[in-house]
Each structure stands twice: as C-alpha cells, then as structure tokens.
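# Topology and contacts: notes
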Amino acid sequence: MNSMNSSPPPHRWIVLALQATLLAAAFAVGRWCATRPETQTPAAMPKIVSLATNPPSKNAASTPAPSAPAKLAQAKTSLDKILLMEGRFEREKALLDFAAGLDPQTIKNILDDLETKTLSGNNKQAIGILLNQWAETDPQAALDSLKSLHPENYIPLAKLFAAGIFEAWSAKDPAAAFAGISQLPAGEVMGLNLRQDALHAVIANMVALDPQSALSTLLNQPLSGDSTQIYEDLFTDLAALDPVNAATTALNLPPSALRNEALNDVARTWAAQDFAKALAWANALPAGDAKDSAINSVLTIMSQQDAPAAAAYALQLPAGSNRNDLLQNIADEWAQADPAGLLAWAGKNLTGDAYTETAVQALNAMGQMDPVAAARAIAQISDSNLLTPAIKTLARNWAQQDIQGALNWAQSLPTDNAGARNAAISDILAVWTSNDPQSTAAYIKQNAASDPYFATASTSTIDSWVDSWANSDPQGAVAWAQSLPAGNLYDVAVASALGDLAKVDPQSAMNVAEQLPPSARDKADINIVYG
C-alpha cells in the first residue's frame, strides 16, 4: 500500500512535464490564431499603423512606445495611403478601421492638418468619418472642432457632417444633443438650415428611445421641411404603447397633412392590435378626409386577417371614389389569399365597373396560382365586358408558366368571340417571341394556314415577331417569311424581314425584293428604302 502512495518514478515526471509544455504551447498558438488580424493583400488595402493603446508585451522594455509626434506622423502616413485608394467602398472601410484606432487628440490634429489641404471628395470623406468617430466619445469636442474650421470651410462641411455629429450625440444623450443645437447658426446659411437638419437627427433618435419626450419636443419646436417619416415612426411607436392616448394626441395636432398621416399611423397600428376598437375610433372621427383615410387604413389592415368582413363593412360606406378605392385595396389582399372566394363575393355584391375590376383582380391572382382553375372560371363568364380582359389576363399569366398549355387553351376558345381569342393568342405569342423567336416562328408557320387568327394579325404584331428574330439573324428571318403561305401574313412578314436585312445588307434585300409577287414587293420596297 505504501508503495502505491509513493512519488511517481522519474520517467513519469518527464512525461508530465512534456505534456504540460505541449498544452501551454497549444494554448499560446490558439490565442495567437484567435486574435491575429485578417490579412489583406497590399493591392486591396494599405497597411494601417494601429494607434490604439495595447497592453505591454514581454519585450516592452526593449521597444519603447512612439512619442506623440511620431505617433501623429505614423497616422498621417497611414491616412495618406488610404486617401490614394481608388474604390470608394474599400476606402471607406479603411477609413473606418483607421479612425477606430485613434484617440481624440490625434483625431483633432489630423482634422487640423486636413483643413490645410484642398477639400477634395476623399478628404471630405475622411473628415466626416473622423468627426463621427470623435462624436461617439465626445460629441461636444467634435462639434467644437467643426466650428473652429475656417469660415469658408465650416459651412460646406457643416452641411455634410453636422447632422451626423448630432445623430451620434443624441444616441447617447438626447437632452444634451437637443441643447447643443443652439450652437449652430440660426436660419438658412447657403440654402441649408443646419439647426433643422440637426433637429431631425436628434428627434429621430428620441423617437426610438423615448417617443413621449420626442412628441413633447416636436410640439414645442415643430420641424420644417419633410418630416413625414419622423411623424410616422413617432405615432406608430406611440400607438404601439397606448393607442388611445396616441389617437387623442394625433387628433389634437393642428389640421395638416402631417396630422392626417399621424391619424393613419395610429389607425394602422391600432388595427393590428384590435380591429373592432380601431374601427369604432375611426368611425367617431369628425367627418372629412382624415376620417375616410383612417377608416381605409383600419379596413386595409383588417383585410389581411378577415377580408370578407372588411369588404362587408366597406360596402356599407357611402358610394363614391373613396369606397371604390377601399374595395380595390381589400380585393388586393383578398385575391392573394382566396381568389375564388373573392370572385364569388364580387359576383354577388358588385355591379358595373367595380365588379369587372374586382373580378379581373381575382382571375389574375387565380391565373398565377392555378391557370387551369382560372380557365374553368372564365368559361362560366357571360358578361362580355369582363370576358375579354379576363382572357387576356390569363393568357399573359399562363404563358409565363407554360407556353404550350396556354396555346392549347387559347386555340380551344370559341371562334364566335374572335376578338378575345385573337387577343389571347397575340399575348401568348408576344411572351414566347421574347424568349424563343425561332420556336415561335416555327409555330406560326405550322398554324398560319389553319388558324384564322393569323389571317387577321395586325401589321405591328407581325413586325414584332419578325424583328425579334431578324435582330440576330436577318437572313434566317427572310427565309422564314418567304416560307409562309400567301396572304397578308406573308406580305407583311417578308416586307418587315427585308427592311431589317437592308440595314446590314441592302443589296441582298433589294435582290430578294425583285423576285417577290407584286402584293409583297410594294411593301418590301418601302421598308427597304425607309427602314
């Protein structure tokens, strides 16, 4: 037993020592690999001297830290290299990395140096990034540095960078940033109101941090210029916290477009929480555009969850353009979720143009989801005002998914409604031609004699078929056109193809034209001469 508790033999001490040494070495290598910076090729990124304070190394005694002048010289050298970079985004990344390693005093010294140089675009970019970096730690000092610039440089640079300083400042201390705005020139200077620009930046941050304080600030010092986005963000946030209070506040704003927008923001946000309460509030608003708009906003949000209920309520509103627009908005949402349900509802509840527009919306959505089902629905339509636009809509949708399926359907349409049938075939061939002109041409050649559509195709339609091929192969387009059966299609196609050929080989085009029958030769001669 005593021998089992004795010290390990000498060779085991050696093994343990080696294991400890290897573990220490592995740990050190892992630390180095985890912390070493990513390498950049010299062409992509100049080497930047890091000016950040690092913990002393084991060799610190033998490598003294650079003096302040040397440190500044290193920084200027690094910056000069960065400013010579050509790519704006690569230069911006290098500037951001460079600025992140500077202390405030070095930033100030470099800014002073940059002011003595020509204010090129690169120099302005550097000044803006340095000021923003400084503003992260000491915004007042960054603003003081900007204000200390020579007057001829101050305003141009303030136009670019003052708002950025106040954005960084207000993210840390909105109250101090708001108070600091008074340090900027009042009124317009060189066409820009610096105080208003800074105020926009400060309030935008205040909205995110404390919407109630932002509201108080806005009421005491209204914004000029376009502040729609700030009001939208503000009342959306307020309504999310307390919709009743936000609604009252919005209603008490002075009558204006911003007030109407604020009411809409409340309506949308409240409706997302509670349809019934939001709708009751909107209905209680004073009559006018603001009320109509708020109701529309509530019902549009409501339609995303319960489109039939939103549509039923909309039908109770007074007839007119506002109700029609609202029904279209609801139909947009409904069509994406249940186009068949929308189509059935429209047939029972709408008439005239409102029915036609809503039914086309439903059939359009249905055609994108299931063109065969849309074709069955169209086959039940007897209203001639709806039939043609519905057929054209399905033709375009189906052709984007399945050309042959779309053509088979279009060819099966009754010929007694030639206008709708021809429109469908024309739209399908237009899609096909843009993707595969040779296959389209082969189809036209195969069906030109048997399908009555081709005897009535317009000149512009035939030209589009020919041009899509002739742009890349005019000789091939001419040969194809000459292979068509005699008639208007042949005459127009040959003339169009020869017009395209004449642009690259006028003599060949004229030689072909001389062999044409008289009915086609006249059209061809005009196209060859006039293009």
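Residues numbered from 1 in each chain as written. Predicted model: local features only at pLDDT ≥ 70, side-chain atom pairs only at ≥ 80, totals over all residues. Heavy atoms only, no water.

## Looking at the confidence of the model for the chain
Heads up, the rule is: Confidence of the predictor at the level of single residues is captured by pLDDT, which takes values from 0 to 100. In what follows, residue pairs with any heavy atoms lying within 4.5 Å of each other are defined as contacts.
Mean pLDDT over the chain: 81, with 83% of residues reaching 70 or higher. Throughout residues 1–61 the model reports pLDDT below 50, and contacts reaching past four residues in sequence, or to other chains, amount to 25 contacts.

## Overview of the packing of aromatic side chains
Going by this rule: Two aromatic rings from Phe, Tyr or Trp, using only the six-membered ring of Trp, form a pair when their centres are within 6.5 Å; if the ring planes differ by under 30 degrees the pair is stacked, by over 60 it is edge-to-face, and anything between is tilted.
Here the structure, examined in full by the defined rule, presents 11 aromatic pairs. Here the aromatic residues W432, Y443, Y453, F454 and W465 are joined through ring pairs into a cluster of three or more.

## Quick notes on empty space enclosed by the protein
Let me state the cut-off plainly: Cavity: a set of points on a 1 Å grid over the protein atoms alone where a 1.4 Å probe fits but cannot get out. Pocket: an open set with protein on both sides within 12 Å along at least five of seven lines, its lining residues, like those of a cavity, having an atom within 4 Å of a point. Grid points are joined across faces, edges and corners, and a volume is the space filled by probe spheres set on the points. Secondary structure is summarised from DSSP: a helix means a run of H or I of at least four residues, a strand means a run of E of at least two, and numbering begins at the N terminus for each. Each residue is assigned to one class: nonpolar for Ala, Val, Leu, Ile, Met, Phe, Trp, Tyr, Cys and Pro, charged for Asp, Glu, Lys and Arg, and polar for all the others, Gly among them.
Tallied over the full model, the rule gives two cavities of 30 Å³ or more. The space that makes up the second largest cavity amounts to roughly 40 Å³. Lining of the second largest cavity is provided by T433, P437, T440, A441, I444, W465, S468, W469 and W480. Taken together, the elements giving at least two residues each to the lining of the second largest cavity come down to helix 23 (437–447) and helix 25 (459–470). Class assignment of the residues belonging to the lining of the second largest cavity gives a composition of six nonpolar, three polar and no charged.

## Some thoughts on the nonpolar core
Heads up, the condition is: Here, the term nonpolar core denotes a set of buried Ala, Val, Leu, Ile, Met, Phe, Trp, Tyr and Cys residues that are joined through side-chain atoms within 4.5 Å. Burial classification: accessible surface area is computed with a 1.4 Å probe over protein chains only, and a residue below 20% of its type maximum counts as buried, one above 50% as exposed, and the rest as partly exposed.
Counting 160 residues, the largest nonpolar core has F235, W281, L299, W409 and L429 as its most contacted members. With 12 residues, helix 15 (residues 289–315) is the largest single contributor of residues to this core. The residues touching W409, leaving out its near neighbours within four places in the chain, are A375, I391, L394, A395, W398 and A424.

## A few points about helix 20 (residues 384–401)
Test applied: A helix is expected to span 1.5 Å multiplied by its residue count minus one. In protein, a polar contact means a hydrogen-donor-capable atom and an acceptor-capable atom, both N or O and within 3.5 Å, with residues adjacent in sequence counting only if both atoms are side-chain atoms; elsewhere, any N or O pair within 3.5 Å suffices.
With 18 residues, helix 20 extends 26 Å between its outermost C-alpha atoms, agreeing within 8% with the 26 Å of an ideal straight helix rising 1.5 Å per residue. Inspection of helix 20 places L386, L387, A390, I391, T393, L394, A395, N397, W398 and A399 among the buried residues, and these make up the whole buried set. Residues of helix 20 that are buried make contact with helix 18 (352–369), helix 19 (371–379), helix 21 (403–412) and helix 22 (418–435). The backbone nitrogen of N385 has a side-chain oxygen 2.9 Å away, supplied by the residue at the start of helix 20, namely D383.

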